[in-house]
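Breakdown of the fold
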Amino acid sequence: QVSALTGSALFFAAQRCIRALKTVQAEHAPPQHYTWRRDCSSAVMPRITSHYTIFPRDKDPRWEGVEMERFADEADVVIVGGGPAGLSAAIRLKQLAKEQEKELRVCLVEKASQIGAHTLSGACLEPSALNELFPDWKERGAPLNTPVTEDLFSILTEKYRIPVPMLPGLPMNNHGNYIVRLGHFVHWLGEQAEELGVEIYPGYAAAEVLFHEDGSVKGIATNDVGIAKDGSPKDVFERGMELHAKVTLFGEGCHGHLAKQLYRQFNLRENCEPQTYAIGLKELWVIDEKKCRPGRVEHSVGWPLNRNTYGGSFLYHLNEGEPLVALGFVVGLDYTNPYLSPFREFQRWKHHPFVAKTLEGGNRIAYGARALNEGGYQCLPKVTFPGGMLIGCSPGFMNVPKIKGTHTAMKSGMLAAEAIFPKVTAEDPASETAGLHIPEYEDNLKKSWIWKELYAVRNIRPSFHNYFGLYGGMVYTGVFYWILRGKEPWTLKHAGLDSAQLKPAKECTPIEYPKPDGKLSFDLLSSVALSGTNHEGDQPPHLTLKDDSIPVANNLAIYDGPEQRFCPAGVYEYVPLETGEGMRLQINAQNCVHCKTCDIKDPSQNINWVVPEGSGGPAYNGL
């Protein structure tokens, strides 16, 4: 059995054993204390950022003599991210290899401790891509237990509900779809991939893109572990490993850490608009059985948001053996008031009479948050480059009016696999670069139903940028989309970078939010506790700042510290300096749920989210 294991499997297995032993040793070691001082300033200011991406280790004397060589292994295809896109790509590659009796090594790395643990979505699944990938998915036991039976759409005022008819052909009509717990569905996809022979390595974050001398992508390196909070090496320091491949697929999800680097390296966003985003917050509740209507899908817009803030809600009734509802709130990150808190808007929304009647007497059992792409067709980057491809929500294939991206993510992964397979299995692969460049993937995307679907709805999201806001956008959707089906001869533009949309605090009115009642609405920290989030505490904060002085000098001074409010996990807070004069930013990195909102919305663009040690983060159980 041991001889059948690959080199990387042996490496990862050995590394897990060593980590376990070292963890036991660390638990019995005396506590260490670190002094935090800014090296180049006479001011008494704690250093916030100690990560090696900001302070290189080759210039740090504490790292002299530390062994930095990495073990390297070779695969045909390496996939970053164990979400719907990455797993669908892996599965399709192995299906093709089986059909054509070819040997093909596919390795997938996932930063979560297990497949599906970081997955969060509504989720109402359109099964079109699944039907293509596994026509027999029902026989295989796919966890699609709740077909949609009823669609409700509402405009909410503070006390009332205005019903809106769900006409056939509108994007949010969910006939034929399934309400799912996406983490469970992704876990099932992982099982199918492993049965086909895909090598899956959860708990290892892809931290770095590797390049050949000619500039093409060579593969990835997993994260180093055993680095102290002050950036120094611990006794338990371990170097990550390198995975090299002919082609590397990047399916990190929305606003991926490595994808950001690839955009710059290959100028992939040269001919598209800047991506625009939203933050989605979600809870799972067990409610009174008499109130549960399995298969009912409820969406709303309006209160508590004003007409010029894009957003809305969902409430899905599940059929999972107990009376469960999944509910959530989405806020476009192009909002302008720095006092707005998406988390508190979500808590306030639950007190609306139409929502509260479902939740009263129930019990909240899970919480999480995630950013999502909302730019659509106008914001799609170039997705192929020498040695690699972007798939899934990383480039942004979400259909915003449908509030769905799983089916398009899966299909993009399948199209990537179908373009890759003949190239990587060719005896003499033709490529001008050391890493294979396969532009056929992008060509196939443009011929697929993904492209047609996103093009048809391209104007719905940007149509909300008008004087009437929400209501003008709804009129546009009802008139132009429903009648013309996206065939209007124009393409509207988005407002630009979300980070540039905030107005100075002095120009805005503070928002007074009611205190949580502990029954329907809750405080932030008790919510984060339900996400299962955990990180090794003694590691450099993975929320890095390019300049430690900017948060106080710019974000607090001009925008009243908006990161305290747009973060859905209480990671950022401004606290008084120990001297009693002035404030400092404190980063509670252990709370981070990996939503990426801070990286997107920071008005200074000073925050750079990088991967923490592998297996850290939320532990969503089918959220």
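Residues numbered from 1 in each chain as written. Predicted model: local features only at pLDDT ≥ 70, side-chain atom pairs only at ≥ 80, totals over all residues. Heavy atoms only, no water.

1. Notes on the overall build of the chain
- When helices and strands are tallied, the chain shows 15 helices and 24 strands.
- Compactness check: the chain gives a C-alpha radius of gyration of 24 Å against a globular reference of 25 Å for 623 residues, within 12% of the reference.
- Split into buried and exposed, the 623 residues of the chain put 60% on the buried side.
- Long-range pairs, those at least 24 residues apart, make up 78% of the contacts in the chain with a sequence separation of at least 6.
- Of the roughly 26200 Å² of accessible surface on the chain, a fraction of 52% belongs to carbon and sulfur atoms. (Helix = DSSP H or I, 4+ residues; strand = E, 2+ residues; numbered from the N terminus. Rg over C-alpha atoms; globule rule 2.2 N^0.38 Å. Buried < 20%, exposed > 50% of the residue type's maximum accessible area, 1.4 Å probe, protein only. Contact = heavy atoms within 4.5 Å. Areas by Shrake-Rupley, 256 points an atom, 1.4 Å probe, with all protein chains shown as cover.)

2. What to know about the packing of aromatic side chains
- Overall, the coordinates contain 16 aromatic pairs when judged by the stated rule.
- On the basis of an interplanar angle of 15 degrees and a centroid distance of 6.5 Å, the ring pair of phenylalanine 329 and phenylalanine 346 is categorised as stacked. Of this pair, phenylalanine 329 sits in strand E17 (residues 324–332) while phenylalanine 346 sits in helix H6 (residues 342–349), and the two are 17 residues apart along the sequence.
- By relative accessible area, phenylalanine 329 is classed as buried at 2%.
- A ring pair is formed by phenylalanine 329 and tryptophan 349, whose centres lie 6.0 Å apart and whose planes are at 45 degrees; its orientation type is tilted. Taken together, the positions of phenylalanine 329 in strand E17 and tryptophan 349 in helix H6 put the pair 20 residues apart, joining distant regions of the chain. Of the two residues examined, phenylalanine 329 and tryptophan 349, each falls in the buried class.
- Here the aromatic residues Phe211, Phe250, Phe266 and Phe385 are joined through ring pairs into a cluster of three or more. (Phe/Tyr/Trp six-rings, centres within 6.5 Å; stacked < 30°, edge-to-face > 60°.)

3. Focus on the side chain of asparagine 177
- As for its position among the elements, asparagine 177 is in the loop between strand E6 (161–163) and strand E7 (178–179).
- When its relative accessible area of 5% is taken as the criterion, asparagine 177 is described as buried.
- Discounting chain neighbours no more than four positions away, the residues touching asparagine 177 are Cys124, Leu125, Glu126, Pro127, Thr146, Pro147, Val148 and Lys404.

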